[in-house]
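Summary of the model geometry
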Amino acid sequence: MSAAPRIDWEAAADLVVIGGGVAGLTAARTASLRGLRVLILSKGGPTDTATQYAQGGIAVVAPHEDSVESHVRDTVEAGAGLCDEAAVRSIVEGGQAAVAALTDLGAVFDLARDGQISRTREGGHSTRRIIHAGGDATGAEVQRALNAAGLPVLFGAAALEVVTGRTGVQGVLAVSENGFGVVHAPAVLLATGGLGQLYALSTNPPGATADGIALALWAGATVADLEFVQFHPTVLYTPGGLGRRPLISEAVRGEGATLVDSEGNSVTAGVHPRGDLAPRDVVSRAIAARMRALGTDHVYLDARALDRFPQRFPTITASCLAAGIDPHTDLIPVAPAAHYQCGGVVTDTHGRTAVPGLYAAGEVARTGLHGANRLASNSLLEGLVVGERAGVAAAERLGQDAQVTDVSFHTIPRAARALVQQSMTSHASVVRDAAGLAEAAARLRDAVSHSAASRLRAELTSANQRFTGELSPVSDISTRKDTPGGAEDLNGSAATAAAAQRITAFEDAALTLTAQVLLLSAAARTESRGSHTRSDHPTPDDHQCHSRAVRLGPEGHPVPAPDGLDLTTWTQDAIPSAS
């Protein structure tokens, strides 16, 4: 047994936000404006978020030739029967006010020749309602505007556990270059982004390791619809490329580019009435089918006829040129890659989970907006709208006594990340079947059972650590956005190396658990619907047109939760255990 860890810092806040993207920063700013003491924990630096890489734009109802009804209809159609229409309507209706608030903060969107905000069209949309910034750098502009709000952030820090008690959330256990710490808080918002690192190829940043899914499950919350992983149809293909790949935005097809195979034939002709602008699951399946038929590992995007391509898509142009491709004269090689999790932690449209004081917003949450397949550019919309609402909702926890008195360090199974990624990429990607899902589940089960020494918290101690009660001011432990900080700025530091190692172990545990949940859900859904395609069950089944929830059972393993979509407030005697 190792020595008990020293708790190097403590702090108190009214709201801890885990994640520094659009949902987390919007919630933090909203809560701060209402007088709440807020601390943001961010594993990376100021721009290490999925928001930073979002190219397409924000889907928001246009003032002319558009309506809330039209946007709702497009969203529900893309969601393939699993959208919560009331949630869709609520979030869509909040779009214009959320964008106005972002503009007031300083965000600048592209203008058309008439001086009005420019709008484009993307897959699944019936009209041009997507607003964008910097051509294809909308996420970067959103991130810049929110970072400029100057909120207190501890960079290079990961939350390892959301601690709960009889009255709900009590705070978080975290690790950073400052060592282990606790933040006593009655409210915690999960805004950790997605699960792209489950796969060998992804559009997500390296930190997209499903942290929020695992934290929520360990805290007693439920998750749903994790089998629905959206694969972006068109990421830049380079031979042997792994990890985060440059995304070729759907807006390129919205402006007229076409998908062709190695023989010059259309990939989507006859597949869907909207052709290359069909919903993403349709296009990804069409590309996967064409690649299988021709024995190739990519298709092409023909954008050679587009005027002013470098001006409209400067980020994409730079990525292409770096790979030796000139979009003006060359076909752009593309292939599908993991892009967005449509399901997540079950919440209402204000970010509330079933655990009092635990909130979730953004990609990590399942509000009912996306259903079985996200409509393009609805993600930044959801992050803005639900992030703001969660910031408001967190005020309902003010006055709750919140004190982390001890933390038990538990054994948490984890498999090697390379094995997880290989198993998920081979058997739980665009097209799945029962045999492949079973093989992936068995490989993970065997890997975990053969890793008896695989521990996150237990590799430190199996004892409890009791805290001093002497709090460090938030300002003393926080790294501001404009201060050199985070793991990348502290290379060579023994403390940073130790923190990075612990964070990696935590991420591997989170990926392992999330992979197990996804495989369980995908195996149970014996139909094809939205972004979940089963080659052995190629059609939808009306009897399965509903969401499935999962929680952790008494032994800590994922189990179906038939009542998991019920967000009825827990009584004080029925708070889920953090174990």
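Source: prediction; values computed, not measured. Every chain's residues receive numbers from 1 upward, in the order its sequence appears when written. Under the rules for a predicted model, residues below a pLDDT of 70 receive no local features and side-chain atom pairs below 80 are neither given nor counted, while totals for whole chains, interfaces and linings still include all residues. In computing side-chain properties, one takes all heavy atoms of the structure into account and sets aside hydrogens as well as water.

**Some points on the packing of aromatic side chains**
The relative placement of two aromatic rings is captured by the distance of their centres and the angle of their planes. Stated formally: In this scheme Phe, Tyr and Trp rings, the latter by its six-membered ring, pair at centre separations within 6.5 Å, and the angle between planes marks the pair as stacked below 30 degrees, edge-to-face above 60, and tilted otherwise. Geometrically, a lysine NZ or arginine CZ counts as sitting over a ring once it is within 6 Å of the ring centre and also within 35 degrees of the ring normal.
Here the structure, examined in full by the defined rule, presents three aromatic pairs. The positively charged end of arginine 374 is found above the aromatic ring belonging to tyrosine 340, 4.2 Å away from the centroid.

**Focus: the layout of surface pockets**
A water-sized probe rolled over the atoms picks out the places where empty space is left. Operational definition: Using a grid of 1 Å spacing that covers the protein atoms alone, one calls a set of points a cavity when a 1.4 Å probe fits there but cannot get out, and a pocket when the set is open and has protein on both sides within 12 Å along at least five of seven lines; lining residues are those with an atom within 4 Å of a point. Grid points are joined across faces, edges and corners, and a volume is the space filled by probe spheres set on the points. As a working rule, the residues Ala, Val, Leu, Ile, Met, Phe, Trp, Tyr, Cys and Pro are called nonpolar, Asp, Glu, Lys and Arg charged, and the rest polar, with Gly in that last group.
Space inside the second largest pocket adds up to approximately 1000 Å³. Around the second largest pocket, the lining is made up of 32 residues, and of these Leu111, Ala112, Ile117, Ser118 and Arg119 lie nearest the centre. Residue composition of the lining of the second largest pocket, grouped by class: 13 nonpolar, nine polar and 10 charged.

**Thoughts on the sheet that holds strand E20 (residues 358–360)**
Rule in force here: The rule for pairing is simple: two strands pair if DSSP sees at least two bridges between them. Helix numbering and strand numbering both begin at the N terminus, where a helix is a DSSP run of H or I of at least 4 residues and a strand a DSSP run of E of at least 2. Each axis is a line fitted through C-alpha atoms, and for a helix only the stretch in contact is used; angles between axes span 0 to 180 degrees, taken between their N-to-C directions. Note on definitions: a residue-residue contact is assigned when non-hydrogen atoms from the two residues lie within 4.5 Å.
Strand order in the open sheet formed by five strands is E7-E3-E2-E11-E20, and the pairing between neighbours is parallel. The sheet is open, and its two edges are formed by strand E7 (153–155) and E20, each paired on a single side. Adjacent strand axes in the sheet meet at a mean angle of 20 degrees, parallel and antiparallel pairs treated alike. Taken together, the four bridges between strand E2 (residues 15–18) and strand E3 (residues 38–42) define a ladder with parallel strand orientation. Each bridged residue has a counterpart across the sheet, and for valine 16 the counterpart in E3 is leucine 39. Across the face of the sheet, helix H7 (residues 211–219) comes into contact with E2, strand E11 (188–190) and E20 while running at roughly 135 degrees to E11.

**A look at the packing of helix H3 (residues 68–78) against helix H4 (residues 85–93)**
Which entries qualify depends on this criterion: Comment on the angle field: the value is read as roughly parallel under 35 degrees, roughly antiparallel over 145, roughly perpendicular from 65 to 115, and oblique elsewhere. The sense of a crossing depends on the near helix, which, turned anticlockwise from the far helix by less than a right angle, makes the crossing left-handed and, turned clockwise, makes it right-handed.
Orientation of H3 relative to H4, taken along the N-to-C sense of each, is 130 degrees, at an axis distance of 10 Å. One element, H3, and the other, H4, form an angle in the oblique class. For the crossing formed where H3 meets H4, the hand is right-handed. Contacts between H3 and H4 involve Val68, Glu69, His71, Val72, Thr75 and Val76 from the first element and Glu85, Val88, Arg89, Val92 and Glu93 from the second. For the contact of H3 with H4, the class distribution of residues is five nonpolar, two polar and four charged.

**Details of the sheet that holds strand E26 (residues 549–552)**
The strands that make up a sheet pair up through hydrogen bonds in the backbone, lying either parallel or antiparallel. Sheet architecture is open: five strands sit in the order E21-E19-E13-E26-E27, paired in mixed fashion. The sheet terminates laterally at strand E21 (365–366) and strand E27 (558–560), the two strands that pair on one side only. Sheet analysis places E26 next to E27, joined by three bridges and oriented antiparallel. Residue pairing for E27: leucine 552 is matched across the bridge by proline 558.

**Focus on unusual backbone geometry**
Both trends apply: most residues other than glycine have a negative phi, and most peptide bonds are in trans. We apply this condition: Each residue is assigned to one of three classes by its accessible area relative to the maximum for its type, calculated with a 1.4 Å probe on protein chains only: buried under 20%, partly exposed between the two thresholds, exposed over 50%.
Look at glutamate 65: it is not a glycine, yet its phi comes out positive at around 55 degrees. Within the secondary structure layout, glutamate 65 lies in the loop between strand E4 (58–59) and H3. For serine 377, which is not glycine, the phi torsion reads 65 degrees and is therefore positive. Positionally, serine 377 belongs in the loop between E21 and helix H12 (378–393). Residue serine 377 is classed as buried on the basis of its relative accessible area of 5%.

**So, the pattern of salt bridges**
What counts here: Definition used for salt bridges: Asp or Glu carboxyl oxygen within 4 Å of a side-chain nitrogen of Lys or Arg.
Under the counting rule described, the total for this entry stands at 25 salt bridges. With a closest N to O distance of 3.4 Å, glutamate 85 and arginine 89 form a salt bridge. Here glutamate 85 and its partner arginine 89 are both found in helix H4, four residues apart, which amounts to about one turn of the helix. Residue classification places glutamate 85 among the partly exposed residues on the basis of a relative accessible area of 42%. A relative accessible area of 23% places arginine 89 in the partly exposed class. A salt bridge links arginine 534 to aspartate 536; the shortest N-O distance between them is 2.8 Å. The class for aspartate 536 is partly exposed, based on a relative accessible area of 32%.

**What to know about the confidence of the model for the protein**
Heads up, the rule is: The predictor rates its confidence in each residue with pLDDT, a number between 0 and 100.
On average, residues of the protein score 88 in pLDDT, and 89% of them reach the 70 mark or higher. pLDDT under 50 marks residues 478–492. Its contacts with residues more than four places away, or in other chains, come to 29 contacts.

**Looking at the pairing of strand E17 (residues 299–302)**
Note that strand E16 (residues 258–260) and E17 share three bridges and pair antiparallel. Paired with valine 260 across the strands is tyrosine 300, a residue of E17. As judged from the three bridges shared by E17 and strand E18 (residues 332–341), these two strands associate in the antiparallel manner. The residue bridging valine 299 from the neighbouring strand is valine 334, located in E18.

**What about empty space enclosed by the protein?**
Overall, the coordinates contain two cavities of 30 Å³ or more when judged by the stated rule. One number sums up the size of the second largest cavity: a volume of about 60 Å³. Lining the second largest cavity, in full, are Val229, Gln230, Phe231, Asp281, Ser284, Arg285, Val430, Ser531 and Thr533. Mapped onto the lining of the second largest cavity, the elements with two or more residues apiece are strand E14 (229–236) and helix H9 (280–294). Across the lining of the second largest cavity, the residue classes break down as three nonpolar, four polar and two charged.

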